[in-house]
Amino acid sequence: MTTQRLDAQKLRADFAVFEELTNGRPVAYLDSASSTQKPRQVLDAMREFYEHSYANVHRGVYTLAERATAGYEGAREKVRAYINAPSNREVIFTRGATEALNLIAYSWGLENLGPGDVVVITELEHHANFVPWQFIAKKTGAQFAHIPIDDYGELQLDALDEIATRGNVKVVANNLVSNTLGTINPVEKLAVWAHEQGAIMVVDAAQAAPHRHIDVQALGCDFLAFSSHKVCGPSGVGALWGRRELLEEMQPFNLGGEMIRSVALDRTSWNELPYKFEAGTPAIAEAYGFGVALDYVSEIGLDAIEAHEHELVVTAMDRLGEIPGLRIFGPPAERRTGIVSFELEGVHPHDVAQILNWEGVAVRAGHHCTQPLMTRLGVAATTRASFYLYTIEEDIDRLIDGLLKVKETFA
Ligand code: 7TS
């Protein structure tokens, strides 16, 4: 099978931000792991929706409300198809990956964890898939265990046997792709192990869903979360997928509005799935825009996006590797997505990012919400460059030139 290539230069015409020039050049936007830029297709669709199809959802019998509801529910179907979930009822709109992961930790964790149980996360989780589990483990008296990483930033699965001796493993939570290192993690293997232990497998796909095909059935997981704003969609919305049996048994996370079936002075009953988990007025136009964004990237093709980013990361790692005193963290290009974290000897990452900004190069400096990983790597922060479908080789040229300037400045 030949992978269709994408033409990043052509796609950039969809993004107004690249028309804005400073000193004759557009921004070299190398921070897509934080959030992606938005194409006109998404923005136009949202504007059109607000102008012609807007009302609150699920409430009105009038035509506008029906149109709004159809748009919102149509987006749910697009999310379902995007991750190959078996049913629309299993797709819940949230504010983003963070809220989705908190929903699982609270609604599933509070009811199902206790002393003698073990919650397993990894040393390279984003705080969003680490802190909620740490918090709920403490609250319920469950143990909190981590899978360590090796020097390449890859999970050491031989630690699993020992972890299993600590108690009843009830949850395994892992990101499919690390936001700091780009590591592609063996989630399918972990899901098999989790199920052997009688545990559920929670997948944080925030950094995977924008860049690779996601199939929740092939992954064999029980829950999966991702955000719209990292897939060219608007912020304020994301999705949680969960197995129906689990969602049916869970208590709601937020209370009020459409998640309720009936209320009396002495008792309240919950609406059916997925509404049980969607309290209050949702981000209606944003959910609609999320669906349009999924269409946009699907039309370009996830294989093409993945191949494009792979080419970029190979080039970036080769060229960064030539800069004396620069150390790249994480695995080789074959086992990562379009994310490169590095340190430049003797220069704080914030200074690196600041000087790069003077050259119109936007990168992220900091701990990237992965402080346990920073501790393991022995650094307080890294500089991170991350790519997407609109990233061009010239952006990497400018990153390299900028880093040479940083070195000059600090020489
Ligand atoms: N999980 C991972 C792996 C992430 O990278 C992020 C955000 C989240 C969860 C949370 O997503 P949110 O949309 O709910 O905020 N990561 C980053 C980042 O790497 N830089 O800024 C945000």
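As the structure is a computational prediction, the values presented were derived from the model and not from experiment.

Glancing now at the pairing of strand β12 (residues 339-344). Taken across its six residues, β12 has five buried, putting it largely inside the fold. When strand β11 (residues 326-329) meets β12, the two strands line up antiparallel, connected through four bridges. Within β12, the position partnered with Leu326 by the bridge is Leu344.

All right, on to the nonpolar core then. Grouped together as the largest cluster of nonpolar side chains are 81 residues, with contacts concentrated most on Leu224, Phe226 and Leu389. For this core, the element with the highest residue contribution is helix α10 (residues 284-300), accounting for ten residues. Residues lining this core come from more than one domain, with at least three contributed by each of domain 1 (8-30 + 301-409) and domain 2 (45-298). The residues touching Leu224, leaving out its near neighbours within four places in the chain, are Ile83, Val203, Ala205, Ile214, Val216, Leu219, Ala239, Leu240 and Trp241.

Within helix α5 (residues 131-140) the residues assigned to the buried category are Pro132, Trp133, Ile136, Ala137 and Thr140. Burial along α5 is one-sided: seen end-on, the buried residues are contained in an arc of 130°. In α5, the exposed residues that point more than 90 degrees away from the buried face are Lys138 and Lys139. On its buried face, α5 sits against α4 (97-112), β3 (117-122), β4 (143-147), β5 (168-175) and β6 (200-204). A positive phi of about 85° marks Gly141, the residue just after α5.

The ligand sits among 15 residues. The nearest are Thr98, Asp204, Ser227, His229 and Arg364. One of the side-chain N or O atoms of Gln207 is found 2.7 Å from an oxygen atom in the ligand. Arg364 places a side-chain nitrogen or oxygen 2.5 Å from a nitrogen atom of the ligand. Counted by class, the shell around the ligand contains four nonpolar, seven polar and four charged residues.

Looking at the largest pocket, its volume works out to about 390 Å³. Lining the largest pocket are 24 residues, and of these Thr98, His126, Ser227, His229 and Lys230 lie nearest its centre. Ranked by residues supplied to the lining of the largest pocket, first place goes to α4 with three residues. Counted by class, the lining of the largest pocket contains six nonpolar, twelve polar and six charged residues.

If you walk through the whole model with that rule in mind, you get 15 aromatic pairs. When the ring centre of Phe18 is taken as origin, the NZ or CZ atom of Arg12, which lies over that ring, is 4.1 Å away.

Attention now goes to the domain arrangement of the chain. What the domain assignment reports for the chain is domain 1 (8-30 + 301-409) and domain 2 (45-298). Distance between the C-alpha centres of domain 1 and domain 2: 28 Å. Facing 33 residues of domain 1, the contacting portion of domain 2 comprises 32 residues. Here domain 1 packs against domain 2, burying approximately 2,700 Å² in sum over the two surfaces, 57% of which is carbon and sulfur. Across the domain 1-domain 2 interface, the total number found is four salt bridges. Glu306 is the partner of Arg212 in a salt bridge, and the nearest nitrogen-oxygen pair spans 2.9 Å. Run the count over domain 1 and domain 2 and you get 20 residue pairs in polar contact (both at pLDDT 80 or more). At the level of elements, α11 (302-321), β12, α13 (371-377) and β15 (382-386) are the ones that each hand at least two residues to the side of domain 1 that touches domain 2. At six residues, α13 tops the list of elements feeding residues into the side of domain 1 that touches domain 2. Of the residues in the side of domain 1 that touches domain 2, the class split is 16 nonpolar, nine polar and eight charged.

Calculation rules
Residues numbered from 1 in each chain as written. Predicted model: local features only at pLDDT ≥ 70, side-chain atom pairs only at ≥ 80, totals over all residues. Heavy atoms only, no water. Buried < 20%, exposed > 50% of the residue type's maximum accessible area, 1.4 Å probe, protein only. Helix = DSSP H or I, 4+ residues; strand = E, 2+ residues; numbered from the N terminus. Pairing = 2+ DSSP bridges. Core = buried A, V, L, I, M, F, W, Y, C linked by side-chain atoms within 4.5 Å. Domains from an automatic or database assignment. Contact = heavy atoms within 4.5 Å. Arc of directions from axis to C-beta. Near = heavy atom within 4 Å. Polar contact = N/O pair within 3.5 Å; in protein donor to acceptor, adjacent residues only side chain to side chain. Nonpolar A, V, L, I, M, F, W, Y, C, P; charged D, E, K, R; others polar. 1 Å grid on protein atoms, 1.4 Å probe; cavity = no way out; pocket = protein on both sides within 12 Å on 5 of 7 lines; lining within 4 Å. Points joined across faces, edges and corners; volume = space filled by probe spheres on them. Phe/Tyr/Trp six-rings, centres within 6.5 Å; stacked < 30°, edge-to-face > 60°. Lys NZ or Arg CZ within 6 Å of the ring centre and 35° of its normal. Buried area = accessible area lost by both parts, 1.4 Å probe. Salt bridge = Lys/Arg side-chain N within 4 Å of Asp/Glu carboxyl O.

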